[in-house]
Amino acid sequence: MIDIRVTSDPAAAVADLLLDVACAGGHIALSGGSTPKRAYELVSRSDADMSAATLWLGDERIVPADDERSNLRMVRGALTDRLPEERRPRLMPVDTTLGPDGAAAAYESLLRESLGNHPRLDLAVMGLGPDCHTASLFPGKPAMHENRRLAVGVPEAGMEPMVARMTLTLPVFNSAREVVFLVAGADKADAVRRAFGTPPDESVPAAHVRPGAGKLMLVLDEAAAAELASEAVTSPMRRAGKRSARGPGEAG
Ligand code: 6PG
């Protein structure tokens, strides 16, 4: 069952979840994208100790680390660089100098070294594109059918920025303890319905993110949820986290 929450501030709700898992020392995959970025900025405002956590990149653009399209640069700027060193989680960069396939092979080795041959992330934070891509799993591209490797190169992106990518694969996302999609805006409503409606559209990548032994949660704003049947919505977002990434006085 998909736990679907609708809230006026989905990024803040996901920031709370992220903070809880980070404070518990979890392994977390982060996505790129503008909506997730706001969640990371909110997490960075917390004064909690996240030093036991490990952050992975769910996907990366194959560009230098200081390129403005780099997800590593985004996560550093929005989150880790804002925290004092002693409270900062470990961030696992993708070595983009190796090219898409080399970067994927190296990242897969890192995952195996840290978490074994069948890695189980504690949390994967996912975005959703208007074409229903998630991470760098694009409709019609081979990466969405990968069922063995943990990370693969994506020589051609399906959407802007049109640079090669490396992405974690469905076996990794579907083994996670919890997967949370953070989606906002009316331009995503059709994608939300295709990926998570009843029945989902099997031709799109996000419809295949279904963690078998884990939880799947969607955190949406009203606009992104507009094309879902109202009975599908589990409940308004309760304050999921024990800690809050919001500052004092910031209402949810
Ligand atoms: C990437 C992302 C990608 C993103 C979605 C949603 O690196 O491109 O990981 O999957 O999360 O495209 O992005 P927005 O929130 O910006 O629409």
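The structure under discussion appears in the preceding block.
Residues numbered from 1 in each chain as written. Predicted model: local features only at pLDDT ≥ 70, side-chain atom pairs only at ≥ 80, totals over all residues. Heavy atoms only, no water.

**Quick notes on the overall build of the protein**
Next up, step 1: A count of helices and strands for the protein gives 6 helices and 11 strands.
Next up, step 2: Here the C-alpha radius of gyration of the protein, 17 Å, is about what a compact globule of 252 residues would show, namely 18 Å.
Next up, step 3: With respect to the principal axes defined by its C-alpha atoms, the protein has extents near 45 × 45 × 35 Å.
Next up, step 4: Every one of the 252 residues in the protein was classed for burial, and the buried ones make up 56%.
Next up, step 5: Restricting to contacts in the protein with at least 6 residues of sequence separation, those with at least 24 account for 76%. (Helix = DSSP H or I, 4+ residues; strand = E, 2+ residues; numbered from the N terminus. Rg over C-alpha atoms; globule rule 2.2 N^0.38 Å. Buried < 20%, exposed > 50% of the residue type's maximum accessible area, 1.4 Å probe, protein only. Contact = heavy atoms within 4.5 Å.)

**Some remarks on the site of the ligand**
Next up, step 1: In the neighbourhood of the ligand, 16 residues make up the surrounding shell, with G32, S34, D59, A135 and K188 lying closest.
Next up, step 2: Within the side chain of T35, one N or O atom sits 2.9 Å away from an oxygen atom of the ligand.
Next up, step 3: Contact between the ligand and R61: an oxygen atom at 2.9 Å from a side-chain N or O atom of the residue.
Next up, step 4: Mapped by element, the contributors of at least two residues to the shell around the ligand are α2 (34-44) and β4 (59-61).
Next up, step 5: Of the residues forming the shell around the ligand, the biggest block, 3 residues, is contributed by α2.
Next up, step 6: Among the residues making up the shell around the ligand, the classes are represented as 3 nonpolar, 9 polar and 4 charged. (Near = heavy atom within 4 Å. Polar contact = N/O pair within 3.5 Å; in protein donor to acceptor, adjacent residues only side chain to side chain. Nonpolar A, V, L, I, M, F, W, Y, C, P; charged D, E, K, R; others polar.)

**A short note on the environment of R149**
Next up, step 1: If you trace the backbone, R149 turns up in the loop between β6 (123-126) and β7 (151-154).
Next up, step 2: Separated by 104 residues in sequence, R149 and R45 place their C-alpha atoms 36 Å apart.
Next up, step 3: Ignoring any residue separated from it by four or fewer positions in sequence, one finds R149 in contact with E108, T169 and P171.

**Let's talk about helix α4 (residues 99-115)**
Next up, step 1: Helix length check: α4 (17 residues) gives 24 Å between terminal C-alpha atoms against 24 Å at 1.5 Å per residue, within 8%.
Next up, step 2: By the burial criterion, the buried members of α4 are G99, A103, A104, Y107, E108 and L111.
Next up, step 3: For α4, the elements touching its buried residues are β3 (54-57), β7, β8 (165-168) and α5 (170-173).
Next up, step 4: Remark: G116 follows α4 within two positions and exhibits a positive phi of approximately 85°. (Expected span 1.5 Å × (residues − 1).)

**What about the packing of aromatic side chains?**
Next up, step 1: All chains considered together, the criterion is met by 2 aromatic pairs.
Next up, step 2: Between W56 and Y107 the ring centres are 5.5 Å apart and the planes differ by 75°, which places this aromatic pair in the edge-to-face class. With a gap of 51 residues between them, W56 in strand β3 and Y107 in helix α4 connect regions that are remote in the sequence.
Next up, step 3: Since its relative accessible area comes to 0%, W56 is described here as buried.
Next up, step 4: Aromatic pair F181 and F196: ring centres 4.9 Å apart, planes at 65°, arrangement edge-to-face. Of this pair, F181 sits in strand β9 (residues 178-183) while F196 sits in helix α6 (residues 189-196), placing them 15 residues apart in sequence. (Phe/Tyr/Trp six-rings, centres within 6.5 Å; stacked < 30°, edge-to-face > 60°.)

**Describing the sheet that holds β8**
Next up, step 1: Pairing is antiparallel in the open sheet, where 3 strands are placed in the order β4-β8-β7. The strands lining the two open edges of the sheet, one partner per strand, are β4 and β7. On average, each strand axis in the sheet is tilted by 15° relative to the strand beside it, whichever way the strands run.
Next up, step 2: Here β4 runs beside β8; their pairing, made up of 3 bridges, is antiparallel. Bridging across to β8, R61 finds its partner in R165. (Pairing = 2+ DSSP bridges. Axes fitted to C-alpha atoms, helices over the stretch in contact; angles between N-to-C directions.)

**Let's talk about the pairing of strand β10 (residues 215-220)**
Next up, step 1: For β10, the buried fraction is high: 5 of the 6 residues fall into the buried class.
Next up, step 2: Direction of pairing for strand β1 (residues 2-6) relative to β10: parallel, over a ladder of 5 bridges. Along β10, the bridge assignment pairs V6 with L220.
Next up, step 3: Sheet analysis places β9 next to β10, joined by 6 bridges and oriented parallel. Looking at the pairing, V180 lines up with M217 of β10.
Next up, step 4: In the classification by handedness, the crossover that spans β9, the intervening α6 and the parallel β10 is right-handed. (Right-handed = clockwise from strand over helix to strand, strands pointing away.)

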